[in-house]
Amino acid sequence: MLAGSEHEKGVLYESKMMSTRQDDLSTKGVDSELSGFLNACPAYATTQHVDNLRANEYSRLDDDRHIYLDYTGGGLYADSQLRQHMALLAGNVFGNPHSSNPTSLAMTHLLERARAYVFEFFNASPDEYVVIFTPNASGALKLVGESYPFGAGDQYLLTFDNHNSVNGIREFARARGAETTYVPVVLPDMRVDGAQLADYLERGRLRGQNLFAYPAQSNFSGVQHPLEWISQAQAGGWDVLLDAAAFVPTNRLDLSRWKPNYVPVSFYKMFGYPTGVGCLLARRDSLAKLRRPWFAGGTITVASVQGDKYYLAEGEAAFEDGTLNYLTIPAVEIGLRHIAAIGTEAIHERVRCLGGWLLDNLVALHHGNGEPLVRVYGPLDTYRRGGTLTMNFYDPMDRFFDHRLIEAEANRANISLRTGCFCNPGGGEIVFGLSQTELVACFTQPQQRLTLDDFRLCIDGKSSGAVRVSIGLVSNFADVYHFLQFARGFVDVSAG
Ligand SMILES: Cc1ncc(COP(=O)(O)O)c(C=O)c1O
C-alpha cells in the first residue's frame, strides 16, 4: 500500500519501523527462518565453534543487542585477545627496540616473533618476501606509491573499483610524469571484462616501469577480482600491487601460490584489535627497486650531517620509519593465532552462507505493486564474491531512499552499517551512473573546496551514496535476519 499525504506517510513509516524494532527484540522470527537457512547451506552447521566463541568471547555484542554489520569497516576482537595482550604487557618490562639493552632486546624478540608469524600466516617464504610493519593498509600503499620508480612515460594501471588509498598513488605517478589509466568495471556484476583487461595489460611500457593495482576483494561490491591476474600481468611486464585489505579477513591468501609484488593489509580489519598496525608484504626483488624519498630514524645504517649523506638499511628496516608501534605489535601475533585457531576456511564458509542467504532474500523483497525494494550492486550470487553487500532502497514509485535516512533508521534499530561511497569513488560513479562529463564539470567549479553537499547538488538528484552491510568473523544468522527484517520495514513506504 502506498502512503498518501506527508502525514500518512510519516505514520506508516514510523509504525513499520516500530514493528521492526519490536521484532528485533524477539528470537521467534529468527528461529522460524533458521531451519530454511540451514537446509539451504548445510556447511554453516560445521561452524558451530564460532557460535560458541561468540557466546564466550564476544558476549558484549549480544548483551548490548548490537547488530554489527560493518566488518569491512573494522573487525571485532575477542576478549581473550585483550587478556593475552594485557598479561604480556603487565608481566614484562619492554623498552624501545632500537637498542641492545635487556628490555629493548626483549621487545625486539617479540617484534621479530610477530613478523615471523605474519610470514607463517600468509605462507610466505622469508627468502622471497619481506614484512614491513606500517600504521595501516594506507601506510603500506603510500610506501609503495612514494617509492615506486615512476618516470616520464611509465604506467600506472588500476581498476575503477579501488579504495582511495590506491587511487591516491596516481598523484605520485602524475608528479613524475607517468600515465594513469583506469580499467572500468562493468554492470551489473561490477567485474572487469577479461578481454579488455588483457588489452590494457598489453600496453605496458617496454623496458619501463609498469604498476598494476587492484583489490583482491572490493570494499564496495564484495567482488573478488581474479588472483590469476597477478601472473598474467607480471608476464606482460607489470608489477602487481594487490590490495588485500578487504580480502584477508575472510579468505586465505597463500603467498606460496600467488606472488603479487606488493600486498598491503590492515590487521584491525582481520581481528579488530589492535588498531594502528598494518603491513606491507613485498617481494624482496620488488622491494629492491623502490626508491625511498627520504630517510628517517631506524631506516639507515649511517647518516651524517657534515658528510651530507646517508646509507639505507637493508630489507624491512629501510621502510619502517621511526619507532614502530612496538607495544602493540605482539597483539598482531595474538590476533593472527586467534584467526588460525578458528580457521580461515570456517570463517569463509560461514560468511558465504550468511551472505548468500541475505542476498537471496533482499532481492526477493518487493513492494505491493511488484517493484523491487532493494537494488544490490555487484553479483547476486556467492561465486567469487565476499560478504560485503552494497545496495540502495527504492520506493514503489522507483524513487531512492536517501542513504542517510536508511542509516538513521538503522542506528535506531542498533544496527551498525555504513553508508556513502566507502572511499571507493570509482565504484560509486559506475553504479550511480555518473558520467565523466558530469564529474569533470563538478570538479572544475570555481570554489576552493567542493563539500559533499556541493557535490550532491552538482550531480543533481542522482544518488551519491549507498548502504553497505558487511558480514565477518562472528556474524550469525540472527544478524542477517534482523537486517532483513529492518529492510522489510520499508516495503510499501514512500520515499517522496
Ligand atoms: C580495500 C581496502 N583497501 C584499503 C583500505 C584502507 O585501509 P586503512 O584505512 O586501514 O588504511 C581499506 C579500508 O577500508 C579497504 O577496504
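See the structure above.
Here the residue numbering is sequential within each chain, running from 1 through the sequence in written order. This being a predicted model, a pLDDT of at least 70 is required before a residue's local features are given, and a value of 80 or more before pairs of side-chain atoms are given or counted; all residues contribute to the totals for chains, interfaces and linings. The side-chain quantities take in all heavy atoms of the structure and omit both hydrogens and water.

1. Some details on the state of the cysteines
Disulfide assignment relies on a single distance test, namely cysteine sulfur atoms paired within 2.5 Å. Scanning the model with the defined rule gives one disulfide in all. Residue C41 pairs covalently with C353 via a disulfide, S to S 2.1 Å. Here the disulfide of C41 and C353 is left-handed, its torsion about the S-S bond being about -65°. Here C353 lies in helix α15 (residues 344-363) and C41 lies in the loop between α2 (28-40) and α3 (48-57), a separation of 312 residues in the sequence. The same class applies to C41 as to C353, namely buried. The thiol of C421 is not disulfide-bonded; the next cysteine sulfur, from C423, is found 6.8 Å away. Note on C421: relative accessible area 26%, which makes it partly exposed. Secondary structure elements are defined from DSSP: runs of H or I of at least 4 residues count as helices, runs of E of at least 2 residues count as strands, and each element is numbered from the N terminus. The cut-offs for exposure are 20% and 50% of the maximum accessible area for each residue type, with area from a 1.4 Å probe on protein chains only; residues under the lower value are buried, those over the upper are exposed, and the others partly exposed.

2. Quick word on the packing of aromatic side chains
Pairing of aromatic side chains requires ring centres within 6.5 Å, counting the rings of Phe and Tyr and the six-membered ring of Trp. Pairs whose planes differ by under 30 degrees are stacked, by over 60 edge-to-face, and all others tilted. Enumeration according to the criterion identifies 23 aromatic pairs in this entry. Ring geometry for F401 against F490: centres 5.3 Å apart, planes inclined by 70°, an arrangement best described as edge-to-face. With F401 in the loop between β12 (388-393) and α16 (403-412) and F490 in the segment after α20 (477-488), this residue pair connects regions lying 89 residues apart in the sequence. Pair check on accessibility: F401 and F490 agree, each one buried. A centroid spacing of 5.4 Å and a plane angle of 75° characterise the contact between F486 and F490, whose relative ring orientation is edge-to-face. For the pair shown, F486 and F490 are each scored as buried. Ring pairs connect the aromatic residues F37, Y44, W357, F477 and Y481, which therefore count as one cluster. Charge over a ring is defined by NZ of Lys or CZ of Arg lying within 6 Å of the ring centre and within 35 degrees of the ring normal. The aromatic ring of Y200 is capped on one face by R203, whose charged end is 4.8 Å from the ring centroid. A cation over a ring is seen here: R337 above Y117, with NZ or CZ 4.0 Å from the ring centre.

3. Thoughts on the packing of α2 against α20
What counts as an axis is a line fitted to C-alpha atoms, over the stretch in contact for a helix, and the angles between N-to-C directions run from 0 to 180 degrees. One can describe the packing of α2 onto α20 by two numbers: an axis separation of 10 Å at closest approach and a directional angle of 110°. With respect to their mutual orientation, α2 and α20 come out roughly perpendicular. Crossing geometry of α2 relative to α20 is assigned as right-handed. Packed against α2, whose contacting residues are G29, V30, E33, L34 and F37, the element α20 presents F477, A478, Y481, H482 and R488 at the interface. Residue type decides the class: Asp, Glu, Lys and Arg count as charged, Ala, Val, Leu, Ile, Met, Phe, Trp, Tyr, Cys and Pro as nonpolar, and the leftover types, Gly among them, as polar. The residue inventory of the contact of α2 with α20, partitioned by class, reads six nonpolar, two polar and two charged. Should an angle fall under 35 degrees it is called roughly parallel, over 145 degrees roughly antiparallel, and 65 to 115 degrees roughly perpendicular, with every other angle called oblique. Here a crossing is called left-handed whenever its near helix is offset anticlockwise from the far helix by less than a right angle, and right-handed whenever the offset is clockwise. Whether two residues are in contact is decided by their heavy atoms, any of which lying within 4.5 Å being enough.

4. Observations regarding the site of the ligand
Near is defined per residue: the residue qualifies when any heavy atom it owns lies within 4 Å of the molecule or strand. Surrounding the ligand, one finds N136, A137, S138, H163, N219, D243, A245, A246, S266, Y268 and K269. Counted as a polar contact is a pair of N or O atoms within 3.5 Å, where, for protein atoms, one must be capable of donating a hydrogen and the other of accepting one, and residues adjacent in sequence contribute only when both atoms are in side chains. One of the backbone nitrogen or oxygen atoms of A137 is found 3.4 Å away from an oxygen atom of the ligand. Here a nitrogen atom of the ligand and a side-chain polar atom of D243 are 2.6 Å apart. Here the ligand, which alone exposes 390 Å², has 88% of that area covered by the protein. Looking at the shell around the ligand, the elements with two or more residues in it are α7 (137-147) and α12 (268-271). Shrake-Rupley sampling with a 1.4 Å probe provides the accessible areas, and residues are treated as covered by the protein chains on show and by no other component.

5. What about the nonpolar core?
Counting residues in hydrophobic clusters, the biggest one holds 117 residues, and the most contacted among them are L253, F267, F393 and F483. Sequence-distant contacts of F267, defined by excluding residues within four places in its chain, comprise V118, F133, G272, V277, G278, C279, V332 and L336. What is meant by a nonpolar core is a set of buried Ala, Val, Leu, Ile, Met, Phe, Trp, Tyr and Cys residues, joined one to another through side-chain atoms within 4.5 Å.

6. A short note on the sheet that holds β12
Here four strands make up an open sheet; going across it, the order is β11-β12-β15-β14 and the pairing antiparallel. Each of the sheet's edge strands pairs with one partner strand only, and the pair in question is β11 (374-377) and β14 (418-420). Direction aside, neighbouring strands of the sheet carry axes that sit 30° apart on average. The criterion for strand pairing is that DSSP finds at least two bridges linking the strands in question. Sheet topology note: the β11/β12 ladder contains four bridges and is antiparallel. Residue pairing in the sheet places Y377 in a bridge with T390 of β12. Its contacts with the sheet place α15 against β11, β12 and β15 (466-470), and it is angled at close to 15° to β12.

7. Structural notes on empty space enclosed by the protein
Every definition here rests on a 1 Å grid over the protein atoms only: cavities are sets of points where a 1.4 Å probe fits but cannot get out, pockets are open sets enclosed by protein on both sides within 12 Å along at least five of seven lines, and lining residues have some atom within 4 Å of a point. Grid points are joined across faces, edges and corners, and a volume is the space filled by probe spheres set on the points. The final tally for this structure, using the stated rule, is four cavities of 30 Å³ or more. By volume, the largest cavity is sized at about 90 Å³. Around the largest cavity, the lining residues are Y71, T72, Q217, A246, P249, T250, K269, G387, T388, I471 and G472. Classifying every residue of the lining of the largest cavity gives four nonpolar, six polar and one charged.

8. Observations concerning α16
Residues of α16 that are buried: H403, I406, E409 and A410. Buried residues in α16, looked at end-on, bunch into an arc of 120°, giving them a common side. A positive backbone phi angle near 60° is found at N414, which sits one or two residues after α16. Working note: the arc is built from the helix axis to C-beta atom directions.

9. Section: the pairing of strand β8 (residues 278-283)
Here β8 lies mainly inside the structure; six of its six residues are buried. Neither face of β8 is open: one carries G278, L280 and A282, the other C279, L281 and R283, and all of them are buried. Bridge count between strand β2 (residues 129-134) and β8: six bridges; the pairing is antiparallel. Looking across to β8, one finds that F133 is bridged to C279.

10. Regarding the side chain of T159
With respect to the helices, strands and loops of the structure, T159 is situated in strand β3 (residues 155-159). Judged by its relative accessible area of 0%, T159 falls in the buried class. Separated by 2.9 Å, the side chain of T159 and the backbone oxygen of D161 make a polar contact. Not counting residues within four places of it along the chain, the set of residues in contact with T159 comprises Y182, V183, V192, A213, Y214, P215 and W229.

11. Some words on a nonpolar patch on the surface
The patch calculation keeps residues exceeding 30% relative accessible area without a salt bridge and links them within 9 Å when they carry like charges or within 5 Å when they are nonpolar (Val, Leu, Ile, Met, Phe, Trp, Tyr). Basic side-chain nitrogens of Lys or Arg form a salt bridge, by our definition, when they fall within 4 Å of a carboxyl oxygen of Asp or Glu. Together, F295, Y310 and L312 line one region of the surface with nonpolar side chains, adding up to about 230 Å² of accessible area. For Y310, the location among the structural elements is in strand β10 (residues 309-312).

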